[in-house]
Amino acid sequence: MNRLTLPLPHTSRTIGVLVALTVLVGCEGIGPLGLGQGNSASGQTESTKLVERDVEAPDVFSVTDKGLWDGRPSLGGVWVAHPDVTEPERVIIRNEANGKFVIGALFRRERDLPGPKLQISSDAAAALNILAGAPAPLNVTALRREEVDAPVQDSAPEATIKTPSAVIETALAPVVASPPATPDAEPASAAEVAVSAPSAPKTAALPAATPNPTSTLAKPYVQIGIFSIEANANRAANQMRSAGMVPSVKRSEINGKAFWRVVVGPAATNSELNSLLKSIKTEGYSDAYAVSS
């Protein structure tokens, strides 16, 4: 019996193609061949920055005693005086009778003065709701500045590379030639051309940057007062400005309550610092003192 044998052309080549297709299908969506196929995990980068804040320092100064406002208006914003003070400090003053508090300066007072040991300014009395001649229970605690790390989150998700869509080629529309200009058409005048032409943008000259003054002093600034009302701080700063000095109004906050410090400077040398102190005290701020910032 004769057998009929059918030829199988290119058998090895066909098997090789099938194996290659199987490998490609199995690898689809994996690695760089699967761009845009998987889900991109959105990451959040976290960084930190230094933030200054006031913290209570009872080891530096802390006293609870009766405080009195003598009824006379006073300069220097919010302040309190006590006979045990050796150097001026920034303090928080609390009225323990009504829970009100304010940030101010602490100065030294003479021991032989009559009345309670704590004497407060008119601005402090107004902020603490204390009447003239009526002693009130006060707590005075020193403050210190410290730097803490505050986390900063960047929630921007990572960019996902998408697979580009297929490019479809289309034939361009034929260009229709515009009709020739008629001889009756009048040419545009030079003025019209000048109006239609866009003008070149002008580059504004930037003022020369003024370098920040530097100082080698540990306390190059002079603080003239701490104010619980911003308008009073600005008024004191304008007074210093009118006297030829350069004041700065610095806003701070503690326990949700804002206050404003007015400082002058910085002074580059000790002689300049002493001159600033003398000029400021001449303006009526006899309790002004040098601070670091």
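Calculation notes
- Residues numbered from 1 in each chain as written.
- Predicted model: local features only at pLDDT ≥ 70, side-chain atom pairs only at ≥ 80, totals over all residues.
- Heavy atoms only, no water.
- Pairing = 2+ DSSP bridges.
- Helix = DSSP H or I, 4+ residues; strand = E, 2+ residues; numbered from the N terminus.
- Axes fitted to C-alpha atoms, helices over the stretch in contact; angles between N-to-C directions.
- Contact = heavy atoms within 4.5 Å.
- Expected span 1.5 Å × (residues − 1).
- pLDDT = per-residue confidence, 0-100.
- Buried < 20%, exposed > 50% of the residue type's maximum accessible area, 1.4 Å probe, protein only.
- Salt bridge = Lys/Arg side-chain N within 4 Å of Asp/Glu carboxyl O.
- Core = buried A, V, L, I, M, F, W, Y, C linked by side-chain atoms within 4.5 Å.
- Phe/Tyr/Trp six-rings, centres within 6.5 Å; stacked < 30°, edge-to-face > 60°.
- Lys NZ or Arg CZ within 6 Å of the ring centre and 35° of its normal.

1. Looking at the sheet that holds strand β8 (residues 221-227)
- Spatial strand order, β9-β10-β8-β11: 4 strands in an open sheet with antiparallel pairing. Strands at the two margins of the open sheet, each flanked by one partner only, are β9 (247-254) and β11 (289-291). Sheet twist, expressed as the mean angle between neighbouring strand axes with direction ignored, is 45 degrees.
- For β8 and β11, the ladder comprises 3 bridges, and the chain directions are antiparallel. Residue pairing across strands places Val222 opposite Ala290, the latter belonging to β11.
- Docked against the sheet, helix α4 (residues 230-242) engages β8, β9 and β10 (257-264), running at close to 160 degrees with respect to β9.
- Helix-sheet contacts for helix α5 (residues 270-282) involve β8, β10 and β11, and the interaxial angle to β8 is about 35 degrees.

2. So, the environment of Ala290
- By secondary structure assignment, the location of Ala290 is in strand β11.
- Residues Ala290 and Leu273, 17 residues apart in the sequence, show an inter-C-alpha distance of 8.1 Å.

3. A short note on α4
- In a regular helix each residue adds 1.5 Å, so 13 residues correspond to 18 Å; α4 covers 18 Å between its end C-alpha atoms and thus fits that length.
- On its buried face, α4 is in contact with β8, β9, β10 and α5.
- Taken from the residues just after α4, Gly244 is the one with a positive phi, measuring 90 degrees.

4. Here's the deal with the pairing of β9
- As paired strands, β9 and β10 are joined by 8 bridges and run antiparallel to one another. Bridged to Lys250 within β10 is Arg261.
- The antiparallel pairing of β9 with β10 creates a hairpin that spans 2 residues between the two strands, and Asn255 there sits at a positive phi of about 55 degrees.

5. Topic: the confidence of the model for the protein chain
- Residue-level pLDDT values for the protein chain average 73, and 59% of them are 70 or greater.
- Note that residues 27-43 has pLDDT below 50 and, in this model, 15 contacts with residues that lie over four places away or in other chains.
- Note that residues 203-212 has pLDDT below 50 and, in this model, 0 contacts with residues that lie over four places away or in other chains.

6. Description of the side chain of Arg90
- Looking at where Arg90 falls in the secondary structure, it is placed in strand β4 (residues 89-95).
- Non-local contacts of Arg90, meaning those with residues more than four positions away in its chain, are made with Asp54, Ile103, Gly104, Thr141, Ala142, Leu143, Arg145, Ile226, Phe259 and Arg261.

7. A few points about unusual backbone geometry
- Here the amide bond leading from Gly265 into Pro266 is cis, since omega sits at 10 degrees, within 30 degrees of zero.
- Here Asn129, not a glycine, exhibits a phi torsion of approximately 60 degrees, which is positive.
- Looking at the secondary structure, you find Asn129 in the loop between α2 (122-128) and β7 (136-154).
- With a relative accessible area of 51%, Asn129 lands in the exposed category.

8. Quick word on the environment of Ala288
- Turning to its location among the elements, Ala288 is positioned in the loop between α5 and β11.
- In this structure the C-alpha to C-alpha distance between Ala288 and Pro88, which are 200 residues apart in sequence, comes to 9.2 Å.
- In this structure, Ala288 is in contact with Val222, Gln223, Ile224, Leu277, Ile280 and Lys281, ignoring residues within four places of it in sequence.

9. A few points about the pattern of salt bridges
- As enumerated under the stated definition, the model contains 5 salt bridges in all.
- The partner of Arg94 in a salt bridge is Glu56, and the shortest N-O contact between them spans 2.3 Å. Of this pair, Arg94 sits in strand β4 while Glu56 sits in strand β1 (residues 45-56); the two residues are 38 residues apart in sequence, bridging distant segments of the chain.
- By relative accessible area, which is 24% here, Arg94 ends up partly exposed.
- A salt bridge links Glu253 to Arg251; the shortest N-O distance between them is 3.4 Å.

10. Considering the nonpolar core
- The biggest cluster of nonpolar side chains holds 21 residues, and the ones touching the most others in it are Val80, Ile93, Ile120 and Val140.
- Elements supplying a minimum of two residues to this core: β4, β5 (101-108), β6 (118-120), α2 and β7.
- Discounting residues that sit within four places of it in the chain, Ile93 has contacts with Val78, Trp79, Val80, Lys100, Phe101, Val102, Leu128, Leu138, Asn139 and Val140.
- Within the second largest apolar cluster, 20 residues are counted, among which are Leu217, Phe227, Ala233 and Val264.

11. Looking at the packing of aromatic side chains
- For the structure shown, the criterion picks out 2 aromatic pairs.
- Between Trp79 and Phe107, the aromatic rings sit 6.4 Å apart at their centres with planes inclined by 65 degrees, giving edge-to-face as the arrangement. In this pair, Trp79 is assigned in strand β3 (residues 79-82) and Phe107 in strand β5, connecting sequence segments 28 residues apart.
- Judged by relative accessible area, Phe107 falls into the buried class, the value being 11%.
- Residues Phe107 and Tyr289 carry aromatic rings whose centres are separated by 5.7 Å and whose planes lie at 80 degrees to one another, so their mutual orientation is edge-to-face. Note that Phe107 is positioned in strand β5 and Tyr289 in strand β11, a separation of 182 residues in sequence. Tyr289 carries the same exposure label as Phe107, and that label is buried.
- One aromatic cluster in this structure is built from Trp79, Phe107 and Tyr289.
- Over the ring of Tyr221 we find Lys250, and its NZ or CZ is 4.7 Å from the ring centre.

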